[in-house]
Protein chains: 2
Amino acid sequence: MPKKVDHQERRTLIADALMRVAADQGLEAVSLRHVAAEAGVSAGMVQHYFRTKDEMMAFALSVVRERSQVRVTEAIARLGVDPSPRLLLRTMIAALLPLDEGTRDDGRVALAFLAYTAVRPAAAPSLREGTRQLTGFIAGILPDGHGDAAAAGLLALMEGLGVYLLGGQYTAEQALGALDAHLDLIFA
Amino acid sequence: MPKKVDHQERRTLIADALMRVAADQGLEAVSLRHVAAEAGVSAGMVQHYFRTKDEMMAFALSVVRERSQVRVTEAIARLGVDPSPRLLLRTMIAALLPLDEGTRDDGRVALAFLAYTAVRPAAAPSLREGTRQLTGFIAGILPDGHGDAAAAGLLALMEGLGVYLLGGQYTAEQALGALDAHLDLIFA
C-alpha cells in the first residue's frame, strides 16, 4: 500500500516555516533553501507547494492580511452595538497597527512586501484594490464635509505610523497620540 | 612607476552602480556581485570600498537623504522671504514625496531601507534621530495648540503617502489632495 501523504498538513508545515523566516530575517530572505531548512524538508518539497519567490511572498502577505482582518473584526465586535464613528475608526486603525510583538511580525512582512512591490508594481495588483476599498469604507464613516481626500489621508497616516512603529521611531504611546490628535481634528 | 589610481573616481563609479542596482532591482538585490557587474569591475574591487551589504545599504540611504535635503532647500528657497507656515510645510513635504521618476527611485531605496531596518533595528540608529529632529522642526512651525502629536501625525502622513505613491495606490494628485486636506484641518 502506498504511503498516505497529508498534503494539507505538509502545506501548513511549510507555510508556517515560511512565515517564521519572513518574521525573523525579513521577507527578502524568503527562499526555497531558507524555507526548506526551517521546515526540515527538501527544497524540492517546498517547490511542490510554492513554485517561485513571488508565490511565497504573495502567500505570506495573504496570511498577514487574513490575520489582520480577524483582529479588526474581533476588536470591533468588542465595541458592542452602535459605536460612535470616531470610536469605530480608532478601534479599526489601532487593530491594524503593529503595537505588540505578534502584530509587529505581521507588520514586517507587510512592509517588506510594500518595498518589494515598489520595485515590481506588477507583483501586487490586489494591493491597489485593497487600498481603494479601505479608503471608500473610511470615507463612509467620516463626518459630512470630509471626503475621499480625508479618508486617503487617514489611511496614509495609519501606514506611516506602522512604518515608524516598526522602525522604532515612534513608541506605541506616540503613535496612538498622533492618531488621536488627527481624529480630534476630523471629529472636532 | 606604479600606476596611479584615482580612488575618488573609482568610489564614485562603484557608488553610482550601487544606486542604479538599488533603483532598478530593489535595495535587497544590492550585493557585491550585482554591484560589481553593474560597475564593470571585480567583486574584490567593490569590497575594497564597501565591505558589507549593510555598508552598501547605509551608503545608498545617505545619498538619498542628501539629495532630498537639497530638494527641500531648493524648493524652500524658491518661496522667497517669509512664506506662511502652511506654505512652508506644504513645500517641504511635497519636496520629500516621490512624485516624479527621479524622486521615485530615491523613494524606493528609502522604503527598502525601512523594511530592512524593521527586521534589524540595530542597522539604523540615525533613522530615529532624523525622525526626532524632523518632528521637532515641524512642531515649531505648527499653529499654537498643535504639539508634538500633531507633528508626529503629519510626518507619518507624509511617510504613508510616500509608500502609497510608490506602490501606485495613490496618484500624485490624490497624495497632494490628502496632504492639503490634512493641512486644511491643522490651519483651519
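Note that the structure is predicted; figures quoted are calculated from it, not measured. (Residues numbered from 1 in each chain as written. Chains lettered and ligands numbered in written order. Predicted model: local features only at pLDDT ≥ 70, side-chain atom pairs only at ≥ 80, totals over all residues. Heavy atoms only, no water.)

Our next topic: the overall build of chain A. Each helix and strand in chain A was counted, giving nine helices and zero strands. Going from the N terminus to the C terminus, chain A shows its helices and strands as α-α-α-α-α-α-α-α-α. Residues classed as buried in chain A amount to 47% of the 188 residues present. Summarising the internal contacts of chain A: among those between residues at least 6 apart in sequence, 60% fall at separations of at least 24. (Helix = DSSP H or I, 4+ residues; strand = E, 2+ residues; numbered from the N terminus. Buried < 20%, exposed > 50% of the residue type's maximum accessible area, 1.4 Å probe, protein only. Contact = heavy atoms within 4.5 Å.)

Residues and elements named next belong to chain A. Summed over all chains, the structure comprises four aromatic pairs over all chains. A ring pair is formed by F50 and F59, whose centres lie 5.0 Å apart and whose planes are at 55°; its orientation type is tilted. For the pair formed by F50 and F59, the shared burial category is buried. (Phe/Tyr/Trp six-rings, centres within 6.5 Å; stacked < 30°, edge-to-face > 60°.)

It is worth spelling out the interface of chain A and chain B at this point. At the junction of the two partners, chain A supplies 42 residues and chain B supplies 42 residues. In this assembly, chain A and chain B are joined by zero salt bridges. The element contributing the most residues to the side of chain A that touches chain B is helix 8 (residues 148-167) of chain A, with 14 residues. Classifying every residue of the side of chain A that touches chain B by side-chain character gives 24 nonpolar, 12 polar and six charged. (Salt bridge = Lys/Arg side-chain N within 4 Å of Asp/Glu carboxyl O. Nonpolar A, V, L, I, M, F, W, Y, C, P; charged D, E, K, R; others polar.)

What follows concerns helix 8 of chain A. Taking 1.5 Å per residue as the helical rise, helix 8 of chain A with its 20 residues ought to reach 28 Å, and the 29 Å between its terminal C-alpha atoms agrees with that figure. Backbone geometry just after helix 8 of chain A places G168 of chain A at a positive phi near 80°. (Expected span 1.5 Å × (residues − 1).)

Looking now at the domain arrangement of chain A. All names here are of chain A. One can read the domain layout of chain A as domain 1 (1-51) and domain 2 (57-186). Each of domain 1 and domain 2 has a C-alpha centre, and the two are 29 Å apart. With eight residues of domain 1 at the contact, the number on the domain 2 side is 11 residues. In this assembly, domain 1 packs against domain 2 so that about 830 Å² is buried in total across both faces, 83% of it on carbon and sulfur atoms. Sorting the residues of domain 1 by area buried against domain 2 places M19, A23 and L27 first, and these three jointly supply 68% of that buried surface. (Domains from an automatic or database assignment. Buried area = accessible area lost by both parts, 1.4 Å probe.)

After a rotation of 180° and a shift along the axis of 0.0 Å, chain A superposes on chain B with an RMSD of 0.0 Å. The transformation just described matches what one would write down for a two-fold rotation axis. When you check the interface residues of chain A against chain B, 100% turn up at the interface there too, and the contact is symmetric in its surfaces. (Least-squares fit on C-alpha atoms with pLDDT ≥ 70 in both.)

Before going further, it helps to examine the side chain of R108 of chain B. The residue R108 of chain B is located in helix 6 (residues 101-119) in this model. When residues no more than four places from it in sequence are discounted, the contact partners of R108 of chain B are A118 and V119 of chain A together with A23, E101 and L166 of chain B.

On to the pattern of salt bridges. Within this structure, the stated rule accounts for 20 salt bridges over all chains. R67 of chain B serves as the salt-bridge partner of D106 of chain B, at 2.4 Å between the closest nitrogen and oxygen. Residue D106 of chain B is found in helix 6, and its partner R67 of chain B is found in helix 4 (residues 53-77); the two are separated by 39 residues along the sequence. The class for D106 of chain B is buried, based on a relative accessible area of 3%. A relative accessible area of 36% means that R67 of chain B is categorised as partly exposed. With a closest N to O distance of 3.6 Å, D180 of chain B and R86 of chain B form a salt bridge. Placement of D180 of chain B in helix 9 (residues 172-186) and of R86 of chain B in helix 5 (residues 85-96) is noted, with a sequence separation of 94 residues between them. Its relative accessible area of 26% is what places R86 of chain B among the partly exposed residues. Residues joined by salt bridges that share partners form a network here, namely R86, R90, D180 and D184 of chain A.

Residues and elements named next belong to chain A. As for its position among the elements, F137 is in helix 7 (residues 125-141). Overall, the relative accessible area of 42% leaves F137 in the partly exposed class. In this structure, the C-alpha to C-alpha distance between F137 and A151, residues 14 residues apart in sequence, is 8.5 Å.

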